Amino acid sequence: MSHFKAFEVAEVSEKQFQGSVIERSVEQLHEGEVLISVHYSSLNYKDALSARGNRGVTRKYPHTPGIDAAGTVLSSDSDKFRVGQEVLITGYDLGMNTAGGFGQMIRVPATWVIALPAGLDMAMSMRLGTAGLTAGLCVDALLRSGLETNSGEVLVTGATGGVGIIAMAILAKLGFEVVASTGKPEAKAVLQGIGATSILNRNEISEASPKPMLRERWAGAVDVVGGDTLFNVIKALKYGGSVAACGLVQSPMFQASVLPFILRGVNLLGVDSVELPLARKQDIWNKLANDWQFDGLEQLCTEITLDQLDASLKTVLAGGATGRFLLNLQA
Ligand SMILES: NC(=O)c1ccc[n+]([C@@H]2O[C@H](COP(=O)([O-])OP(=O)(O)OC[C@H]3O[C@@H](n4cnc5c(N)ncnc54)[C@H](OP(=O)(O)O)[C@@H]3O)[C@@H](O)[C@H]2O)c1
């Protein structure tokens, strides 16, 4: 098969971007050692930004987004991978300026590719996708910083989103008391089902507060929101507590003071899932496939096809999704 279907975003007029399903040929793909037949991808906030024409994510259009892909190897110039092997790719330049997982084929450098870990099938790996990897990295960062189950409540912001809901599920599985901050009160039952011990309305922590410090509440936190929310979280960390910061849905900017850092010794832990070394990605994927596997992920996912992608990306961009979208490229 030298032709395949892909979702392509084009600039149809000045700053107006539109996505459609088109046919592409293998020759149009980027250079790389490994050609892969993509079975599944997933939807992440960054894909929604790329599909909207965000030049911070994607410089040149037309472009096929999709920062995640799981599939089988069609050909390989690397002795690390053999034809037919099941593999997954997340991050690096996939779906940013390299044609991504929203196409039925991708070609990528061997240094981006991970053999699918035992314990996960291709669909499950993409139900997790970059969101799961990032959630895992956040949990890992908190554990390394010394967070223990008897330390107290752990806050997760953007709790109904991909990163938030998976971070919550892993923390609950590990025995932590997890508080979910959300803008969707109607999702309370879903969040409790995945392990939230209590729910916080995100408006309570989203506004800038004039108080230099807040009551010590969180032993740790996973923040996908950024902006004033992040500083409010920092100000309410318990002595020595840490927040793993990975997102910017409220704002990439935040104003802060050093007071929580110098009076309570709190820690701001930066989390990147894109450029980190492949061995670290592999380590987290192995945990996701083993000790951190949790029940209920399938029920938190909506499976879609290429034809439903455009509408689903708009839902993600509007922050309207609960859980994850799994894109089936073979349907
Ligand atoms: N550092 C990394 O490597 C990395 C990797 C993956 C993702 N990210 C970032 O992490 C963030 C979340 O990604 P995701 O894939 O989980 O996105 P997502 O599935 O779209 O979830 C984002 C969630 O944030 C909440 N939210 C949306 N708009 C908000 C606003 N204005 N203020 C406060 N909360 C808002 C919503 O949850 P509620 O309604 O429940 O509040 C929404 O479901 C994004 O900024 C993404 O770019 C970073």
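In this report, we go over the structure that sits alongside the text. (Residues numbered from 1 in each chain as written. Predicted model: local features only at pLDDT ≥ 70, side-chain atom pairs only at ≥ 80, totals over all residues. Heavy atoms only, no water.)

## A closer look at the site of the ligand
Part 1 of the argument: Looking at the ligand, there are 26 residues lining it, with T160, V163, T182, C246 and S273 nearest.
Part 2 of the argument: At 2.7 Å from an oxygen atom of the ligand is found a main-chain nitrogen or oxygen belonging to S273.
Part 3 of the argument: With the chains in place, 86% of the 920 Å² that the ligand exposes on its own is no longer accessible.
Part 4 of the argument: Mapped by element, the contributors of at least two residues to the shell around the ligand are helix 2 (122–144) and helix 3 (162–173).
Part 5 of the argument: Partitioned by chemical class, the residues of the shell around the ligand number 11 nonpolar, 12 polar and 3 charged. (Near = heavy atom within 4 Å. Polar contact = N/O pair within 3.5 Å; in protein donor to acceptor, adjacent residues only side chain to side chain. Areas by Shrake-Rupley, 256 points an atom, 1.4 Å probe, with all protein chains shown as cover. Helix = DSSP H or I, 4+ residues; strand = E, 2+ residues; numbered from the N terminus. Nonpolar A, V, L, I, M, F, W, Y, C, P; charged D, E, K, R; others polar.)

## Structural notes on the pattern of salt bridges
Part 1 of the argument: Summed over the entire model, instances satisfying the criterion amount to 11 salt bridges.
Part 2 of the argument: Taking the shortest distance from any N to any O, the salt bridge between R24 and E8 comes out at 3.9 Å. In this pair, R24 sits in strand 2 (residues 16–25) while E8 sits in strand 1 (residues 3–13), placing the two residues 16 residues apart along the sequence.
Part 3 of the argument: Look at R24 and you get buried, because its relative accessible area is 12%.
Part 4 of the argument: With a relative accessible area of 17%, E8 lands in the buried category.
Part 5 of the argument: Here the salt bridges share partners, and the residues they tie into one network are D140, R144, R280, D283 and K287. (Salt bridge = Lys/Arg side-chain N within 4 Å of Asp/Glu carboxyl O. Buried < 20%, exposed > 50% of the residue type's maximum accessible area, 1.4 Å probe, protein only.)

## Some thoughts on the packing of helix 2 against helix 3
Part 1 of the argument: Running from N to C, helix 2 and helix 3 cross one another at 55°; their axes reach a closest spacing of 8 Å. Comparing the axis directions of helix 2 and helix 3 gives the class oblique. Here the hand of the crossing between helix 2 and helix 3 comes out right-handed. Counting all contacts with helix 2, which are made through R127, L128, A131, G132, T134, A135, G136 and V139, the residues of helix 3 involved are G162, V163, I166, A167, I170 and L171. (Axes fitted to C-alpha atoms, helices over the stretch in contact; angles between N-to-C directions. Parallel < 35°, antiparallel > 145°, perpendicular 65-115°, else oblique. Left-handed = near helix turned anticlockwise from the far one by under 90°. Contact = heavy atoms within 4.5 Å.)

## Quick notes on the packing of aromatic side chains
Part 1 of the argument: The full count for this structure, using the stated rule, is 3 aromatic pairs.
Part 2 of the argument: Considering the side-chain rings of F7 and F102, the 6.4 Å spacing of their centres and the 75° angle between planes classify their relative orientation as edge-to-face. In this pair, F7 sits in strand 1 while F102 sits in the loop between strand 5 (86–90) and strand 6 (105–108), placing the two residues 95 residues apart along the sequence.
Part 3 of the argument: Accessibility expressed as a relative area gives 2% for F7, which makes it buried.
Part 4 of the argument: Its guanidinium or amino end placed over the ring of Y92, K281 lies 3.4 Å from that ring's centre, counting from NZ or CZ. (Phe/Tyr/Trp six-rings, centres within 6.5 Å; stacked < 30°, edge-to-face > 60°. Lys NZ or Arg CZ within 6 Å of the ring centre and 35° of its normal.)

## Let's talk about the pairing of strand 3 (residues 34–42)
Along a regular strand, successive side chains alternate from one face of the sheet to the other.
Part 1 of the argument: Along strand 3, 9 of the 9 residues are buried, which leaves the element largely enclosed by surrounding structure.
Part 2 of the argument: With 6 bridges connecting them, strand 3 and strand 4 (residues 68–76) associate as antiparallel partners. What sits directly across from I36, in strand 4, is V73.
Part 3 of the argument: Sheet topology note: the strand 3/strand 6 ladder contains 4 bridges and is antiparallel. Directly across from L35, in strand 6, lies its bridge partner R107.
Part 4 of the argument: In this sheet, strand 15 (residues 324–328) lies alongside strand 3 in antiparallel orientation, the contact comprising 3 bridges. When the sheet's bridge partners are listed, S41 is paired in strand 15 with L327. (Pairing = 2+ DSSP bridges.)

Nothing here speaks to function; it is geometry throughout.
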